[in-house]
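Structure assessment
Chain residues, written in single-letter form:
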Amino acid sequence: MLEEVERWLAGRSWSAADRPLDQLLAAKSRTGQTVSVVLPALDEEATVGTIVEIIRRDLMSAAAPLVDELVVVDSGSTDRTAEVAAAAGARVVHRDAILPRLATVPGKGEVLWRSLLATGGDIVCFVDADLREFSAAFVSGIVGPLLTDPEVQFVKAMYDRPLGEGAGGPKAGQGGRVTELVARPLLNLHWPQLAGFVQPLGGEYAARRSLLERLPFPVGYGVELGLLVDALHTVGLDALAQVDVGVRKHRHQDGQALGRMAAAIYRTAQLRLARGHLVRPRLTQFDRGEEGGFVPRTTDVDTEERPPMRGIPEYAERRAA
């Protein structure tokens, strides 16, 4: 590990407990910064309501007004995600209703990019909507450094990711398979300054709007790696940080979904390593056929990226209003 990264780990890695809520509220009052929380959601009716309720109860009350707005962006759910989120107290916006002149494409990054136009906070905090046993520390922990340290621009959550429920309980630290097999090797080899991030692909992170609006957003699974790499090049390592929020439990993807995720992440990295003419890649996977043998199934790998939001006329008009 680079000496620079060792220094960064010592000075830019914290625990959520390092900044108690009363300290964050005082900093927020003193600086006048506002906080938006965004939950990108697709068929998450089982978990989204509880997450919304906890954020509203613990971070949006009169006694603890840390979060100014809580928005669930529904990316085309076929279940009751939108209804459950609204009933729990979130403002629910459908992905297609944001910037309607521009046709939407599938993908988490598309939803996060559009959410910048649907929110107004100086600090934007993203939280995945499939988390179980959710704690408000996932939000307060990662917005804390942004509220208290003006030099910090981008904060990732770090946590244990248990995998499965074996005889001895969940296997601690064995979740995040794409992180260990794809993202971490890529970062260590090509962007060694980012080798200190424990969960580079985690879906819980917060950043200053002034930074996010300057970054391109990969529309699919590559959004987390893309934002992290681009943030490094835009504001430098010392402006990045991470906070330990404990344990993250969520729905795990099957092997083929992980393969598609890995391909998109690799492609996102490749785009940043060589910005030349690129052929749209495809990934072939195999399913067992009903009559025996294996049947190939080929899908496109996400390569499209949305431009920095500050170049979108509707966003500029909204910010100027």
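Each remark here, short or long, concerns the structure printed above.
What comes next concerns the included structure. (Residues numbered from 1 in each chain as written. Predicted model: local features only at pLDDT ≥ 70, side-chain atom pairs only at ≥ 80, totals over all residues. Heavy atoms only, no water.)

1. Looking at the overall build of the protein chain
The number of helices and strands found in the protein chain is 11 helices and 16 strands. Across the 321 residues of the protein chain, 52% fall into the buried class. Expressed as a percentage of contacts within the protein chain between residues at least 6 apart in sequence, the contacts between residues at least 24 apart total 73%. Accessible surface computed for the protein chain: about 14200 Å², of which carbon and sulfur atoms make up 52%. (Helix = DSSP H or I, 4+ residues; strand = E, 2+ residues; numbered from the N terminus. Buried < 20%, exposed > 50% of the residue type's maximum accessible area, 1.4 Å probe, protein only. Contact = heavy atoms within 4.5 Å. Areas by Shrake-Rupley, 256 points an atom, 1.4 Å probe, with all protein chains shown as cover.)

2. Considering the side chain of Arg-12
In this fold, Arg-12 is placed in helix H1 (residues 3–12). Accessibility expressed as a relative area gives 12% for Arg-12, which makes it buried. Engagement of the side chain of Arg-12 in a polar contact is seen with the backbone oxygen of Asp-238, the distance being 2.7 Å. Ignoring anything within four residues of it in the chain, the contact list for Arg-12 reads Asp-149, Glu-151, Val-152, Asp-238, Leu-240, Ala-241 and Gln-242. (Polar contact = N/O pair within 3.5 Å; in protein donor to acceptor, adjacent residues only side chain to side chain.)

3. Describing the sheet that holds strand S1 (residues 13–15)
Across a sheet, paired strands are connected by hydrogen bonds in the backbone, their directions being either parallel or antiparallel. Reading across from one edge, S1-S12-S7-S10-S5-S2-S3-S4 is the order of the eight strands in this open sheet, with mixed pairing throughout. Of all the strands in the sheet, the pair left with one neighbour each is S1 and strand S4 (91–94). If you compare each strand with its neighbour and ignore which way they point, the axes differ by 25° on average. As judged from the four bridges shared by strand S5 (residues 123–126) and strand S10 (residues 205–208), these two strands associate in the antiparallel manner. Bridge assignment links Phe-126 to a residue of S10, and that residue is Tyr-205. On top of the sheet, H1 reaches S1 and strand S12 (240–247); it is set at about 60° to S12, its chief contact. On top of the sheet, helix H9 (residues 223–235) reaches strand S7 (154–160), S10 and S12; it is set at about 135° to S7, its chief contact. (Pairing = 2+ DSSP bridges. Axes fitted to C-alpha atoms, helices over the stretch in contact; angles between N-to-C directions.)

4. Topic: the packing of aromatic side chains
In the structure shown here, the tally under the stated rule is five aromatic pairs. Considering the side-chain rings of Phe-154 and Tyr-205, the 5.7 Å spacing of their centres and the 25° angle between planes classify their relative orientation as stacked. In this pair, Phe-154 sits in strand S7 while Tyr-205 sits in strand S10, placing the two residues 51 residues apart along the sequence. No difference in accessibility class separates Phe-154 from Tyr-205, as the two residues are buried. Every member of this aromatic cluster is reached through a ring pair, and the members are Phe-126, Phe-154 and Tyr-205. (Phe/Tyr/Trp six-rings, centres within 6.5 Å; stacked < 30°, edge-to-face > 60°.)

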